[in-house]
Amino acid sequence: MIAPAHDRIAAPHWIAARATLSCARFMNRFRLPASHRLLAAFSVAHAGAVIGYLPLLSLLLPIRIDQLAGAARIGWLTVAVTVGAVVASSANVLFGWLSDRSIAAGGGRRRWIAGGAIGLALSYVAIAVADRPVTLVAAVLLFQIAINAILAPMMAIMADEIPEAQRGLASGLFAIGPPAAGAVSALLVAAPALGRSTQLALVAGLAIITLLPLLRVRGPAVVAERATPTVDAPHDLLVASIARLLVQVAGSALSLYLLYYFQSVAPATAPATLATRVGTLLTISYILPLPVAVLAGRLSDRAAHRTPFLIGAAVIAAAGLLAMATDTHPAVGAIGFVIYAVAAAVFLTLHSALSIRLLPDPRHRGRDLGLINLANTLPALLGPLLTWTLATPQDFTILLLVLAALTMLGGLAIVPLRRRPLASSRA
């Protein structure tokens, strides 16, 4: 039997409607909740920002300076890093404040991230075409301004839109950034045939693409809780910032001089072999913190207290440094470094969530987080200074003992804040 003509025409529409409804139900079943979509977009964007600066500062910039400055490369690299750190700190405070002004005017912070992405692309072009050391340094300063135009509003968005009960997890997801950036760096090293311009374009493109989801995904504004005077006291925020600074000094020193430390405890090992082993160790130290930091962040959300986790992480990090200082076997030193790296990463990620909790005024979140960011700049100056003063090519013991003491002090500085409970809400 042949169906009437009008039934033959309508049937495909009926089938299509049923198929559309079934697909919609399927998508809704597996669609992430809005808060989880924001967490995913935020963690990807943060990883992209790390990709935007880590391969450049650790690999591509030294190569470019070597190409342009030759024998004067150390001096020019020092100028680029030192002046760049000052510009970065100032830009972070500035763009945090500007994003606060945008919020007060009824706008949003994401416009500054978009502008920063455009500036990032332009800065990479300037780095690629620089033909003298001085123009390369100028391009690096433009880069520092652009990347902090991205980072400062991004961190304030975490305070604006991610609930307190999810900030530990969000902070733990920061640990995605270093291994992702390390993978990009490894790709660049493995493919030198790409050429300078292609390498720079690849890094800039990856960084910008990963920012796009955060520009589209938005969460509802988190209502600021009415805090007690002790929670709102700027003194607490200052104490937390000093604790972060003390813990980060060791990381700054070890990131620059780790190879020299292993040369002091394994002098008979061939330099090429030792460099390969240290590179492998650094890769491990980038990857291992990720699951640990995510787990610790989630547990701190569930426990409604972050300070016990911070104190414990500082103690474990100090123990790792003590192992490096008191045993001269390279294997013990490697284990001690990994212990330190994982614990310090947990401390720093959870500290971001604690800092947001201690912000004294929601109207100035961007500016205040920029001021907290100064605790990331000073260690970059103090770490090399302590190393130059306390270490020798044959002996890092005194330096490591001092770094362990500073790390322990960073944990102890958090102790007075342990009475500050988080919101009782659960994710």
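Computed from a predicted structure; not experimentally measured. (Residues numbered from 1 in each chain as written. Predicted model: local features only at pLDDT ≥ 70, side-chain atom pairs only at ≥ 80, totals over all residues. Heavy atoms only, no water.)

Quick look at the overall build of the chain
Test applied: Only DSSP runs of H or I reaching four residues or more are called helices, and only runs of E reaching two or more are called strands; each is numbered from the N terminus. For each residue, the accessible area found with a 1.4 Å probe, counting protein chains only, is set against the maximum for its type, and the residue is called buried under 20%, exposed over 50%, and partly exposed in between. Any two residues having at least one pair of non-hydrogen atoms within 4.5 Å are treated as being in contact. The method behind every accessible area is Shrake-Rupley, applied with a 1.4 Å probe, and residues are considered shielded solely by the protein chains displayed.
Counting secondary structure elements, the chain contains 17 helices and zero strands. When burial is assessed residue by residue, the chain has 46% of its 427 residues classed as buried. Partitioning the intrachain contacts of the chain with sequence separation of at least 6 by distance along the chain shows that 82% fall at a separation of at least 24. Of the roughly 20400 Å² of accessible surface on the chain, a fraction of 71% belongs to carbon and sulfur atoms.

Thoughts on the packing of helix 13 (residues 307-326) against helix 14 (residues 330-358)
The line we're drawing: Between the N-to-C directions of two axes lies an angle of 0 to 180 degrees, each axis being a line fitted to C-alpha atoms and, for a helix, fitted only over the stretch in contact. In what follows, roughly perpendicular refers to angles from 65 to 115 degrees, roughly parallel to angles under 35, roughly antiparallel to angles over 145, and oblique to any angle outside these ranges. A crossing counts as left-handed when the near helix is turned anticlockwise from the far one by less than a right angle, and as right-handed when that turn is clockwise. Under this grouping Gly is polar, as are all residues other than the nonpolar Ala, Val, Leu, Ile, Met, Phe, Trp, Tyr, Cys and Pro and the charged Asp, Glu, Lys and Arg.
Packing of helix 13 against helix 14 leaves a shortest axis separation of 7 Å and a crossing angle of 155 degrees. Between helix 13 and helix 14, the angle falls in the class roughly antiparallel. Classified by chirality, the crossing of helix 14 by helix 13 is left-handed. Tallied by class, residues from the contact of helix 13 with helix 14 come to 19 nonpolar, five polar and no charged.

What to know about helix 16 (residues 374-390)
The condition is simple: Here, expected helix span is obtained from the residue count minus one, scaled by 1.5 Å.
Between its first and last C-alpha atoms helix 16 spans 24 Å; for 17 residues at 1.5 Å apiece the expected length is 24 Å, and the two agree. Among all positions in helix 16, only Ala375, Thr377, Pro379, Gly383, Pro384 and Thr387 are buried.

Details of the pattern of salt bridges
Inclusion rule: Between Lys or Arg on one side and Asp or Glu on the other, a salt bridge is scored when a side-chain nitrogen of the former is within 4 Å of a carboxyl oxygen of the latter.
If you walk through the whole model with that rule in mind, you get three salt bridges. Between Arg110 and Glu161 there is a salt bridge, with the nearest N and O atoms lying 2.8 Å from each other. Here the residue Arg110 occupies a position in helix 4 (residues 110-129), and Glu161 occupies one in helix 5 (residues 133-161), the gap between them amounting to 51 residues. The exposure class of Arg110 is buried, given its relative accessible area of 6%. Here Glu161 falls in the buried class, since its relative accessible area comes to 12%. Taken together, the shared-partner salt bridges in this structure form one network comprising Asp100, Arg109 and Asp160.

Quick look at the packing of aromatic side chains
To keep it simple, the criterion reads: The rule is short: rings of Phe, Tyr and Trp, with Trp giving its six-membered ring, pair when the centres are within 6.5 Å, and they are stacked under 30 degrees, edge-to-face over 60, tilted in between.
Going through the model one piece at a time under the given rule, you end up with four aromatic pairs. Taking the centre distance of 6.1 Å and the plane angle of 85 degrees together, the rings of Tyr261 and Phe396 count as edge-to-face. You can see Tyr261 sitting in helix 10 (residues 234-265) and its partner Phe396 sitting in the loop between helix 16 and helix 17 (397-414), a full 135 residues away along the chain. With a relative accessible area of 8%, Phe396 lands in the buried category.

Here's the deal with the environment of Tyr261
With relative accessibility at 2%, the residue Tyr261 sits in the buried group. Each C-alpha atom of the pair Tyr261 and Leu400 lies 9.9 Å from the other, and the pair is 139 residues apart in sequence.

Remarks on the nonpolar core
Applied cut-off: Take the buried residues of types Ala, Val, Leu, Ile, Met, Phe, Trp, Tyr and Cys, join any two whose side-chain atoms come within 4.5 Å, and each joined set is a nonpolar core.
The biggest cluster of nonpolar side chains holds 74 residues, and the ones touching the most others in it are Leu56, Leu120, Tyr124, Met154, Met158, Phe347 and Ile414. A per-element tally of this core places helix 5 first, with 15 residues. Apart from residues lying up to four places away in sequence, Met158 is in contact with Phe42, Arg167, Ala170, Ser171, Phe174, Ala353 and Ile356. Formed by 32 residues, the second largest nonpolar core is a distinct cluster that contains Leu258, Tyr340, Ala391 and Leu400.

Things to note about the environment of Ala85
Assignment of secondary structure puts Ala85 in helix 3 (residues 73-104). Given the relative accessible area of 17%, Ala85 is considered buried. In this structure, the C-alpha to C-alpha distance between Ala85 and Leu374, residues 289 residues apart in sequence, is 9.6 Å.

Here we look at a nonpolar patch on the surface
Just so we agree on the cut-off: A patch is a set of surface residues, each over 30% in relative accessible area and not in a salt bridge, joined within 9 Å for like charges and within 5 Å for the nonpolar side chains Val, Leu, Ile, Met, Phe, Trp and Tyr.
The grouping of Leu378, Leu381, Leu382, Leu385 and Trp388 at the surface amounts to a nonpolar patch, some 540 Å² of accessible area in total. If you trace the backbone, Leu382 turns up in helix 16. Taking the relative accessible area as the measure of exposure, Leu382 reaches 35% and is therefore partly exposed.

Quick word on the side chain of Gln199
Here Gln199 is to be found in helix 8 (residues 196-216). Take Gln199: its relative accessible area is 12%, and that puts it in the buried class. The contact partners of Gln199, leaving out residues within four places of it in the chain, are Leu60, Leu188, Ala191, Pro192 and Leu194.

A word on the confidence of the model for the chain
What counts, and what does not: Residue-level confidence of the predictor is summarised by pLDDT, bounded by 0 at the bottom and 100 at the top.
The predicted model of the chain has a mean per-residue pLDDT of 80, with 85% of residues at 70 or higher. Element-level pLDDT for the chain is lowest in helix 1 (residues 5-30), with a mean of 42, against a maximum mean of 95 in helix 4. Under a pLDDT of 50 for its full length, residues 26-30 has, in the predicted model, zero contacts with residues more than four places off or in other chains. Counting interchain partners and residues more than four positions distant, the pLDDT-below-50 stretch residues 225-232 has eleven contacts.

With respect to the side chain of His46
On the secondary structure map, His46 appears in helix 2 (residues 34-69). With relative accessibility at 11%, the residue His46 sits in the buried group. Apart from the residues within four sequence positions on either side, His46 is in contact with Met154 and Phe174.

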